[in-house]
Every structure is written in structure tokens, then in C-alpha cells.
Amino acid sequence: GENVEQHPSTLSVQEGDSAVIKCTYSDSASNYFPWYKQELGKRPQLIIDIRSNVGEKKDQRIAVTLNKTAKHFSLHITETQPEDSAVYFCAALSYNTDKLIFGTGTRLQVFP
Amino acid sequence: NAGVTQTPKFQVLKTGQSMTLQCAQDMNHEYMSWYRQDPGMGLRLIHYSVGAGITDQGEVPNGYNVSRSTTEDFPLRLLSAAPSQTSVYFCASRRTLLRDGANVLTFGAGSRLTVL
């Protein structure tokens, strides 16, 4: 079945440094890859997404890259700030099954 | 426009009791889904629906029932609660694949369920 693996499970960085979170997916029919940020006690919120016909997308300090051949996609956060501290989830949507499957999450801590 | 509304926010059950988590959306979204969130396991899909009268199983459907009699509502039923169902439950909705901007999933605020 569909599976999304996410690494690392925890990530600690100094303020101003970059953070990278990586995901792999198993379903070759996946064509949409969103990233969600979840602050403590809150609901997940979409921060960026990418479709399978695009290799990279940027939005200010965050960017996502996709390698369809390797079934890898990554989230890059530059110039991290303490307010970036949260749990980040990647996900993959299969066009065949219409299921959105999430990774297990990465807890990012940005220290001032 | 309230978005996705879940009730209750908190619930404590005893093993074997039944209950229904309610979910309603006012965005005319065809697709609705239920996820459970457990520490270290991310968000796991329980059941989903692509339209009224249509439901399908996700990754962890056992112990849960759903129905979709209207576009707006997608209740999740626990027929005989077990401690393993202690979790935070999120309802989420979006448009179907055929529409522009369809893929963005909107989450409800979550329902925290404890089964003793």
C-alpha cells in the first residue's frame, strides 16, 4: 500500500541556520506533495505544496524540491527563527486512490 | 464561513462504550476524511469519502464506522471503544481532484478522545 517515510524525527538548529526535512513515498501514482506545520495544540496548517510536474517551489524562506525518479521530496527552511519551531508533516496524494498519506512528522526546534 | 467544525473537543469514554465524533463543513467540499494523530506516528487516515453516499477505508479503519448522507456531514462512529483508540482525531475536507486548487486539505480543530 501507500507509504510515506519522513526523516529526521527531531531536528534542532540554531536561529539563522537552515533546516532540511526529507520524505520518500512509495506510490508511483502520487502527484501532489503538501507540507503542513502543526504548532502545539493546534491543527495542521498547509505551508507549501508542490505538484509532480514541478521540480522546485519557493515561498520566501521555505522551499520544496521533488525528485520523481527517486520518489523523494524535501522541505528547506532558511534563516530559521524561533517561531519556526513546530512539528512538520510531509504528505503524498495518490491520483489513483485519492488518499492523502502523511509522514510521521519532524519536530523542529530553533534555539535563539 | 466556519470551515470544518468538529464536536466534541474533548471526550472521556469507558471501554466498550460507543460514541460519535461529529464533523461538518460549509465549504461545499466533496472530499472529507478522518485522521487520528498519535505521538510518533503522524496522521493516519481512518476513513474518507469522495462524495455523499460514498465512503472508503484508509490506513487504520478497524473499530470505526462512517457514513456520508449529506455533503456537509461526515460523522465517525466508535461502536465499542478500546484504550487503543485514545487519540486526537482530526476531520479534514477538500475539493475533489478535478477542480482547481482541489488538493488543499482543511483541518478541523481536533477532538481529543480518552478511553479508560
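Residues numbered from 1 in each chain as written. Chains lettered and ligands numbered in written order. Predicted model: local features only at pLDDT ≥ 70, side-chain atom pairs only at ≥ 80, totals over all residues. Heavy atoms only, no water.

Time to look at unusual backbone geometry. For the peptide bond that leads from H7 of chain A to P8 of chain A, omega is -5°, which places it in the cis range. Position of P8 of chain A among the secondary structure elements: in the loop between strand 1 (4-7) and strand 2 (10-14). Residue P8 of chain B follows T7 of chain B across a cis peptide bond; omega there is -5°. Relative to the elements of secondary structure, P8 of chain B occurs in the loop between strand 1 (4-7) and strand 2 (10-13). (Helix = DSSP H or I, 4+ residues; strand = E, 2+ residues; numbered from the N terminus.)

With that out of the way, let us pick up the interface of chain A and chain B. Of the residues lining the interface, 20 residues belong to chain A; the matching set on chain B comes to 24 residues. Contact with chain B buries area across many residues of chain A, yet R43, D98 and F102 of chain A alone supply 30% of it, more than any other trio. Our count for the contact surface shared by chain A and chain B stands at one salt bridge. Between R94 of chain B and D98 of chain A there is a salt bridge; the shortest N-O distance is 2.6 Å. (Contact = heavy atoms within 4.5 Å. Buried area = accessible area lost by both parts, 1.4 Å probe. Salt bridge = Lys/Arg side-chain N within 4 Å of Asp/Glu carboxyl O.)

The next thing to look at is the pattern of salt bridges. Oppositely charged side chains can form a pair if their charged atoms are brought close together. Applying the stated criterion across every chain yields a total of six salt bridges over all chains. For K37 of chain A, the salt bridge goes to E39 of chain A, with nearest N and O atoms at 3.6 Å. Among the ionic contacts, a cluster of salt bridges with common partners joins R36, D38 and R44 of chain B.

Residue and element names in this part refer to chain B. Residue alternation in strand 11 (residues 111-115) divides its side chains into a buried set, S111, L113 and V115, and an unburied set, R112 and T114. Direction of pairing for strand 2 relative to strand 11: parallel, over a ladder of four bridges. Along strand 11, the bridge assignment pairs F10 with R112. In terms of strand pairing, strand 9 (residues 87-94) meets strand 11 through three bridges, oriented antiparallel. The residue bridging V88 from the neighbouring strand is R112, located in strand 11. (Buried < 20%, exposed > 50% of the residue type's maximum accessible area, 1.4 Å probe, protein only. Pairing = 2+ DSSP bridges.)

As a further point, take the packing of aromatic side chains. Taken as a whole, this structure holds 13 aromatic pairs over all chains when the rule is applied. Relative to F102 of chain A, the ring of F89 of chain A has its centre 6.4 Å away and its plane inclined at 85°; by these criteria the two rings are edge-to-face. You can see F89 of chain A sitting in strand 9 (residues 86-94) and its partner F102 of chain A sitting in strand 10 (residues 100-102), a full 13 residues away along the chain. Overall, the relative accessible area of 2% leaves F89 of chain A in the buried class. The rings of Y36, F89 and F102 of chain A together with Y35, F90 and F107 of chain B are connected pair by pair, giving a single aromatic cluster. Across the ring face of F74 of chain B, the terminal group of R68 of chain B is positioned such that the distance to the ring centre comes to 6.0 Å. Its guanidinium or amino end placed over the ring of Y31 of chain B, R94 of chain B lies 3.8 Å from that ring's centre, counting from NZ or CZ. (Phe/Tyr/Trp six-rings, centres within 6.5 Å; stacked < 30°, edge-to-face > 60°. Lys NZ or Arg CZ within 6 Å of the ring centre and 35° of its normal.)

According to the stated counting rule, one finds two disulfides over all chains in the structure shown. Paired by a disulfide, C23 of chain A and C90 of chain A hold their sulfur atoms 2.0 Å apart. Taking the sign of the torsion about the S-S bond as the criterion, the disulfide between C23 of chain A and C90 of chain A, at about -100°, is left-handed. With C23 of chain A in strand 3 (residues 19-25) and C90 of chain A in strand 9, this pair connects stretches of sequence that are 67 residues apart. Residue classification places C23 of chain A among the buried residues on the basis of a relative accessible area of 1%. With a sulfur-sulfur separation of 1.9 Å, C23 of chain B is cross-linked through a disulfide to C91 of chain B. Negative torsions about the S-S bond denote left-handed disulfides, and the value of about -75° found for C23 of chain B with C91 of chain B makes this one left-handed. You can see C23 of chain B sitting in strand 3 (residues 19-25) and its partner C91 of chain B sitting in strand 9, a full 68 residues away along the chain. (Disulfide = S-S within 2.5 Å.)

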